[in-house]
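Spelled out from the first residue to the last, the chains are:
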Amino acid sequence: MRIAPLSLLISASFFASTVFAQDTTTVNRIESEINTKQTEYTRSTTMLDKYLQEENQLQTQLELLRARSTQLDKEKNQALDAMNDMYRRLIDNPSLDITSAQSRYQKAVVDQEQNKNDISMQLAAIASHLKDIEQIRADKHALQNTIESLKVQYTTARVERLRNEFTREGTLEVDHTLNCKRTETLAACEQRGQQMGLKKATNRFLDQIFENLTEKRLVEPKRDMSGAQVQILSSHVIKSAFSGQGDYNVNLSVTMRGDVNSSRLCHLLSVNNSFCSEYGTPLTNTYQPAYSTTFSDSQLTFSDNTDNKAVAKIVNKKPKVVAEQKKDQLIQLTLRSNVHGDEVFINDISVGSTRLVTRLPRGLHKLEIRKEGYIPYKARIDLKKTRTLFAKLEKKSESIAAPTKKREQIIQADCPKGMEVDTQPPTVDSSAVIIPVGTFKMGDINGNGLENERPVVEKTISESFVMQSKEVTVGAFEKFVNETQYKTEAEKGKGCAYYLNGEPVWEASLNWRAPGFEQTNDFPAVCLTKNDATAYAEWFSDKTAQVYRLPTEVEWEYAARAGTDTEYPWGNEIGKNLANCGWCGSEWSNKRTAPVGSFSANAFGLYDTVGNVWEWTSSTENKKNTVVRGGAWNFAPSLARASTRLILAPDFRANYIGFRLMSEQ
């Protein structure tokens, strides 16, 4: 059999489409913005270090002035005593010269007053400097959040670009010659030649798709796992002829479109699967092609022993449409469920979330639909025809995020061998749980964090403590205000900060009652300073006859980790709709806070340790500053990790900062 060289004609839509250029422009633009913001962030870090050094110098100068004040006070008293002594002596000796004593005293008074003025000016300079530091820190945090947000956009744009590159269209012209078998009819030989031509066209088309991928070096090694396919939109015979030696030659023009299982795009790009959770539903086919069959590389294998009875005869005339092939190899399956934000696995491969429309080969398939807090739906389906399946997921009796250890396992592990323990949560109050003793690694365990999360250190909690399972709510804070007539610093000062175009902006009208979005009593109280939180803690301690306070950073991170060493209680990937943070896939993400306890608790029974609002902690390192932990509804997922820390002035307030309390037993 002689095979003629394959001629290749790619239509303009394959390479020159403005869509792909726009995709690349978008990716490059976002990458450029990241670099610009990263430069600004580095500049802010340098500026902050400079201001902190200057603030230390100002504090040192202040201590010197205060020390000098003591010396000047002593000198003034000594000068006064000396002058009084000279006055007493002047009574007995009116000609006595007391000028030097008077001058000494006058100088001491002037020096003391000047030192007092210097101290006042120094305090004003320090206060102004601290305000500058607070603003730099707020800007730096905003820049960090902007950078992380841009990284999300950057990855999303890369995924979208790859999807578009896989689903591009084009036309190939192929020329194929083969020897007809003595045992087959001319029609069978003709059909087989055209099938072989189609196979070559689809294989070459797929090769060209991979060859022209922007991120070819990253994707090409994973080609076999890409699930890439080629869909023939239309084809026609340009010319065909039989030779006297029993050869058949056909020239085909084939219009095709690429197709890919969109849920695999993240694997190809080596990015978090959450970026592909919105995909999984193939593009709706708006074409009415003569060939509706979708082929994969493995499916495009044709045997020389073609069943002549199954081959339709093609009349060899002017350009015409090739006869329709066998029935579609892939069958449409539509999946729906009774929950939002689930994840669908078909044959152990994640393919997105419901509502999902996909196409699978005929036969048996393993199906599983998962959602945190629900019993997984599992089934085996024998797919023979197009069908729709509705899965009903039932809620678990105890909704605890997996795969964390269970609370009783952690408590038992910390108990001396042979001692029995009561693993049931104590009844401290309805909003609190026991946090058991234990040892943990604190900081950036997985190497994904910020500089202030290092080094990783081992910490031990030697005494169990009680912590509120949920953040303090608007309703709870309102009871405190109604009883005490307390005025928050936002209500007395310049209001509360919120994010506008990636920058913290102060709005005088914002406070815990009106934070800039709608809320009800079960939402976390925000726009509160550390001092506001401390005032509430004192009131709550009186109400419960038990001393409550803000947790330290060690206590907070230990409780948030709940026996895990991963970034989040459920693993190292943020997933989808598991927490309320920016781009986390919840109905509140990037919009507002969520009602407390809207997501599963960790193994200790704590809710919202990931996202919703940053939480104040008590700081023993520096009384002028404190640290918030846990991330927020408008901060990137990477800033909602267990070890993330943001350093703030204690009087800072924003509509993304709240708190929860703890109590020593």
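For the structure, see preceding data.
A brief look at the structure comes next.

Procedures and definitions
Residues numbered from 1 in each chain as written. Predicted model: local features only at pLDDT ≥ 70, side-chain atom pairs only at ≥ 80, totals over all residues. Heavy atoms only, no water. Buried < 20%, exposed > 50% of the residue type's maximum accessible area, 1.4 Å probe, protein only. Helix = DSSP H or I, 4+ residues; strand = E, 2+ residues; numbered from the N terminus. Contact = heavy atoms within 4.5 Å. Phe/Tyr/Trp six-rings, centres within 6.5 Å; stacked < 30°, edge-to-face > 60°. Lys NZ or Arg CZ within 6 Å of the ring centre and 35° of its normal. Pairing = 2+ DSSP bridges. Axes fitted to C-alpha atoms, helices over the stretch in contact; angles between N-to-C directions. Core = buried A, V, L, I, M, F, W, Y, C linked by side-chain atoms within 4.5 Å.

## Observations regarding helix α8 (residues 474–484)
Since the α-helix advances by 3.6 residues per turn, residues separated by three or four positions end up pointing in the same direction.
And then number 1: The complete set of buried residues in α8 reads Val474, Gly475, Phe477, Phe480 and Val481.
And then number 2: Where α8 is buried, its residues meet α10 (530–544).
And then number 3: Positive backbone phi, at 60°, marks Gln485, one or two positions downstream of α8.

## Section: the packing of aromatic side chains
And then number 1: Scanning the entire structure with this criterion turns up 23 aromatic pairs.
And then number 2: Each ring, one from Phe477 and one from Phe480, has its centre 5.3 Å from the other, and the planes form 70°; the classification is edge-to-face. Taken together, the residues span about one helical turn, with Phe477 and Phe480 both in helix α8 at a distance of three residues. In terms of burial, Phe477 and Phe480 fall into one category: buried.
And then number 3: Ring centres of Phe477 and Tyr536 lie 5.9 Å apart, and the angle between their planes is 20°; on these two criteria the pair is classed as stacked. Taken together, the positions of Phe477 in helix α8 and Tyr536 in helix α10 put the pair 59 residues apart, joining distant regions of the chain.
And then number 4: Relative accessible area serves as the criterion here: at 3%, Tyr536 is assigned to the buried category.
And then number 5: Taken together, the ring pairs in this structure connect Phe477, Phe480, Tyr486, Trp512, Tyr536, Trp539, Phe540, Tyr548 and Phe659 into an aromatic cluster.
And then number 6: Over the face of the ring belonging to Trp506 we find Lys494, whose NZ or CZ atom lies 4.4 Å from the ring centre.

## Some thoughts on the sheet that holds strand β12 (residues 387–391)
Backbone-to-backbone hydrogen bonds join strands into a sheet, with any given pair of strands oriented parallel or antiparallel.
And then number 1: Taken together, the three strands give an open sheet; going across it, the order is β9-β6-β12, and neighbouring strands pair in mixed fashion. Among the strands making up the open sheet, the edge pair consists of β9 (356–361) and β12. Averaged over all neighbouring strand pairs, the angle between strand axes comes to 30°, with direction disregarded.
And then number 2: As paired elements, strand β6 (residues 330–337) and β12 share five bridges and run parallel to each other. Residue pairing across strands places Ser337 opposite Ala391, the latter belonging to β12.

## A look at the environment of Lys459
And then number 1: Note on placement: Lys459 falls in strand β15 (residues 457–461).
And then number 2: Taking the relative accessible area as the measure of exposure, Lys459 reaches 30% and is therefore partly exposed.
And then number 3: In contact with Lys459, not counting residues within four places along its chain, are Gly438, Thr439, Phe440, Met442 and Val554.

## As for the nonpolar core
And then number 1: Judged by nonpolar contacts, the single largest core of 47 residues is most densely connected at Phe477, Tyr536, Trp614, Phe652, Tyr656, Ile657 and Phe659.
And then number 2: Among the secondary structure elements, those contributing two or more residues to this core are α3 (99–166), β13 (432–435), α8, β17 (496–500), α10, β20 (614–616) and β22 (645–648).
And then number 3: In terms of residue count, the dominant contributor to this core is α10 (six residues).
And then number 4: If near-sequence neighbours (up to four positions away) are discounted, Phe652 is found in contact with Glu134, Ala138, Ala497, Trp506, Leu528, Thr529, Trp616 and Ile657.

## Regarding the sheet that holds strand β16 (residues 465–468)
And then number 1: Spatially, the four strands line up as an open sheet ordered β13-β16-β24-β19, and their pairing is antiparallel. Each edge of the sheet is formed by a strand with only one pairing partner; in this case those strands are β13 and β19 (548–549).
And then number 2: Alignment of β13 against β16, held across four bridges, turns out to be antiparallel. Looking across to β16, one finds that Ile434 is bridged to Val466.
And then number 3: Strands in contact with helix α11 (residues 553–561) are β13, β16, β19 and β24 (662–664); relative to β16, the strand with the most contacts, it is inclined by about 75°.

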